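Residue-level structure breakdown
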Amino acid sequence: MPGGGFAASVPPAGVEFEAKITPIVIISCIMAATGGLMFGYDVGISGGVTAMPDFLKKFFPVVYRRTLRGDLDSNYCKYDNQGLQLFTSSLYLAGLTATFFASYTTRRLGRKLTMLIAGVFFNIGVVLNAAAQDLAMLIIGRILLGCGVGFANQAVPLFLSEIAPTRIRGGLNILFQLNVTIGILFANLVNYGTSHIKAGWGWRLSLGLAGIPALLLTVGALLVTDTPNSLVERGRLEEGKAVLRKIRGTDKIEPEFLELVEASRIAKEVKHPFRNLLKRRNRPQLVIAIALQIFQQCTGINAIMFYAPVLFDTLGFGGNASLYSTVITGAVNVISTIVSIYSVDKLGRRVLLLEAGIQMFFSQVVIAIILGIKVKDHSDDLQTGIAVLVVIMICTFISAFAWSWGPLGWLIPSETFPLETRSAGQSVTVCVNLLFTFVIAQAFLSMLCHFKYGIFLFFSGWVFIMSVFVFFLVPETKNVPIEEMTERVWKQHWIWKRFMDYSHEVAPGIDGDGSKKKGHSNGFDPVSQL
């Protein structure tokens with residue numbers, strides 16, 4: 001298709017679209033990010049519940065009896081049980097499966113409706129968990145919660161990236177991760193309170209209070225508007241233009257709207273998004289998205305968050321002290337994520353990732369040394385000074401993760417894929433994240449039993465590897481319009497630019513030289529073509 005009349009209509013690469021920070025954008029992002037609140041509550045609540053004697057006595061009597069015995073093979077092994085690990089990990093296995101269906105609904109039905117579906121799954125799962133009478137009912141509830149996680153994690157980061165103005169996209173996107181950390185802290189506080197209920201139903205209250213963030217997400221999904229990108233992608237051009245004008249707070253939205261229309265036109269020519277995702281020109285985004293999810297889990301953060309009360313109890317803190325320490329780490333998590341919101345669009349993504357790598361590596365090595373010297377297989381409670389030092393080092397680790405790998409693991413993939421592969425790319429991102437979350441959740445207590453203090457050395461090795469990966473292969477994406485990533489990021493990178501050589505293939509909507517097709521020579525109207 002030769003170039004022609006449309007060339008003058010397409011905004012040139014590098015244009016900064018006019019946009020105000022409107023109340024509707026802030027409110028919509030806060031509502032959408034409650035999906036992170038639900039996810040975080042699920043992450044935080046499971047560790048505390050699995051440390052509660054009444055819960056263990058009802059569903060895992062073998063583990064309960066083991067925690068009461070004084071003749072354990074190892075202090076590190078008291079919670080090593082595949083069924084107990086399945087209670088935590090089943091949620092993420094279900095989420096992994098659900099994300100493929102969520103990719104379809106996100107693309108065909110929109111981001112808004114996908115978030116609503118997530119809320120419905122969450123609410124049903126909460127009811128089953130709180131009312132569970134046997135292990136099967138408990139696991140089914142966790143599976144439904146996992147389906148909610150799959151749909152929410154698919155739609156929410158895309159929604160936030162697409163509705164936010166470019167200059168604060170990073171900060172608004174991290175609202176999702178901030179809500180995850182708030183959800184974890186809320187869960188830790190709930191567990192601390194319900195663990196003191198002697199009537200035996202404290203664990204039910206812990207699981208049932210997940211209904212609060214579940215309802216917030218459902219109501220939020222009903223109230224928000226869908227993104228202009230999604231509306232244009234589904235052919236609702238006038239509605240998309242009206243929403244864009246409303247969220248940007250200006251009438252000068254024509255350049256950005258034309259960019260969305262052109263991106264949507266190219267996206268419509270892609271009949272098989274997942275197959276297209278594997279093509280050479282999409283390899284940089286795909287490799288980085290997959291690597292970030294694997295590395296995010298291999299930091300060991302979810303192992304600590306899932307099992308923090310169990311971990312502290314295993315290390316000799318005692319019941320109340322372990323839950324108290326967990327609340328402290330949850331608060332550090334929230335505060336550090338707020339730091340990320342402030343700094344991500346100023347310092348950039350790469351600086352935060354690299355600084356955090358050094359901080360996490362140091363803290364994990366120190367923890368391993370302390371535990372290797374002070375915690376023996378049959379040790380009593382740690383001395384107060386040593387226990388405080390362990391908590392400080394864990395907080396040092398969590399703070400670094402919370403302002404870097406936690407939020408940026410979701411932010412970077414959501415802003416780097418082109419529209420034609422964005423939904424499929426986000427689906428792969430969520431799938432890989434949940435797969436490795438499942439693996440870590442299912443294996444951690446067994447790894448703790450066999451590796452002992454070496455578990456922290458294992459994770460620190462991964463931190464070193466992923467920091468090297470970031471240094472050489474992850475480009476900076478701050479302040480780059482989401483539809484301009486190819487021109488301003490990938491084609492400028494020292495190695496990824498080689499994959500932008502379109503001589504190997506001619507993509508839909510792409511000329512052989514790698515530029516966008518401009519339409520017919522007799523003039524091209526992007527709106528009419530949709």
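See the structure printed just above.
Quick summary incoming for the structure in this document. Predicted model, so just to flag it, every value in this text is computed and none were measured.

1. Remarks on unusual backbone geometry
Although it is not a glycine, K452 sits at a positive phi angle of roughly 55 degrees. Here K452 falls in the partly exposed class, since its relative accessible area comes to 23%. The phi dihedral of N479 is positive, around 60 degrees, even though this residue is not glycine. Summarising the element assignment, N479 is placed in the loop between helix 22 (454-473) and helix 23 (485-488). Assessed through its relative accessible area of 31%, N479 is described here as partly exposed.

2. Looking at the nonpolar core
Judged by nonpolar contacts, the single largest core of 133 residues is most densely connected at F55, F122, M360 and W405. Of the residues forming this core, the biggest block, 12 residues, is contributed by helix 7 (residues 135-163). In this structure F122 touches M38, D42, L145, G148, V149, A152, A214 and L217, once residues within four positions along its chain are discounted. Residues L286, A289, A424 and V428 belong to the second largest nonpolar core, which totals seven residues.

3. Some words on the packing of helix 7 against helix 8 (residues 169-194)
The N-to-C vectors of helix 7 and helix 8 enclose an angle of 155 degrees; their axes lie 8 Å apart at closest approach. Relative to helix 8, helix 7 is oriented roughly antiparallel. The interaxial crossing formed by helix 7 with helix 8 has right-handed handedness. Residues N153, V156, P157, L160 and S161 of helix 7 form the contact with helix 8, whose participating residues are R169, L172, N173 and F176. Its residues placed into classes, the contact of helix 7 with helix 8 shows five nonpolar, three polar and one charged.

4. A closer look at helix 2 (residues 34-49)
The terminal C-alpha atoms of helix 2, which comprises 16 residues, lie 22 Å apart, in line with the 22 Å expected from a rise of 1.5 Å per residue. Here helix 2 lies mainly inside the structure; 16 of its 16 residues are buried.

5. Observations concerning helix 4 (residues 61-68)
Listing the buried residues of helix 4 in full gives V63, Y64 and R66. Looking down the long axis of helix 4, one finds its buried residues gathered within 165 degrees of arc, a one-sided arrangement.

6. Describing the environment of L84
Of note, L84 is situated in helix 5 (residues 82-108). Placed 28 residues apart in sequence, L84 and L56 show a C-alpha to C-alpha distance of 8.7 Å. Ignoring any residue separated from it by four or fewer positions in sequence, one finds L84 in contact with T50, L56, F60, V63, Y79 and L445.

7. Brief notes about the pattern of salt bridges
Inspection of every chain in the model, using the stated rule, returns 12 salt bridges. Residue E162 pairs with R111 through a salt bridge whose shortest N-O separation is 2.7 Å. Note that E162 is positioned in helix 7 and R111 in helix 6 (residues 111-130), a separation of 51 residues in sequence. For the salt bridge of E239 with R236, the shortest nitrogen-to-oxygen distance reads 2.9 Å. Assessed through its relative accessible area of 37%, E239 is described here as partly exposed. One network of salt bridges, in which partners are shared, links R111, E162, E233 and R422.

8. What to know about the side chain of T106
Within the secondary structure, T106 is located in helix 5. Discounting chain neighbours no more than four positions away, the residues touching T106 are R111, T114, Q154, A155, L158, S230 and S423.

9. Here's the deal with the environment of I373
Within the secondary structure layout, I373 lies in helix 18 (residues 349-374). Judged by its relative accessible area of 53%, I373 falls in the exposed class. Sequence separation between I373 and Y453 is 80 residues, and the spatial gap between their C-alpha atoms is 9.3 Å.

10. What to know about the packing of aromatic side chains
Enumeration according to the criterion identifies 17 aromatic pairs in this entry. Each ring, one from F55 and one from F59, has its centre 5.2 Å from the other, and the planes form 50 degrees; the classification is tilted. Highlighted residues: F55 and F59, both in helix 3 (residues 53-59), separated by four residues, approximately one helical turn. Exposure remark for F59: the relative accessible area of 8% places this residue in the buried category. Here a set of aromatic residues connected by ring pairs shows up, and it is made of F55, F59, F60, F87 and W203. Cation over ring: K58 sits above F59, and NZ or CZ is 5.7 Å from the ring centre.

Rules of the game
Residues numbered from 1 in each chain as written. Predicted model: local features only at pLDDT ≥ 70, side-chain atom pairs only at ≥ 80, totals over all residues. Heavy atoms only, no water. Buried < 20%, exposed > 50% of the residue type's maximum accessible area, 1.4 Å probe, protein only. Helix = DSSP H or I, 4+ residues; strand = E, 2+ residues; numbered from the N terminus. Core = buried A, V, L, I, M, F, W, Y, C linked by side-chain atoms within 4.5 Å. Contact = heavy atoms within 4.5 Å. Axes fitted to C-alpha atoms, helices over the stretch in contact; angles between N-to-C directions. Parallel < 35°, antiparallel > 145°, perpendicular 65-115°, else oblique. Left-handed = near helix turned anticlockwise from the far one by under 90°. Nonpolar A, V, L, I, M, F, W, Y, C, P; charged D, E, K, R; others polar. Expected span 1.5 Å × (residues − 1). Arc of directions from axis to C-beta. Salt bridge = Lys/Arg side-chain N within 4 Å of Asp/Glu carboxyl O. Phe/Tyr/Trp six-rings, centres within 6.5 Å; stacked < 30°, edge-to-face > 60°. Lys NZ or Arg CZ within 6 Å of the ring centre and 35° of its normal.

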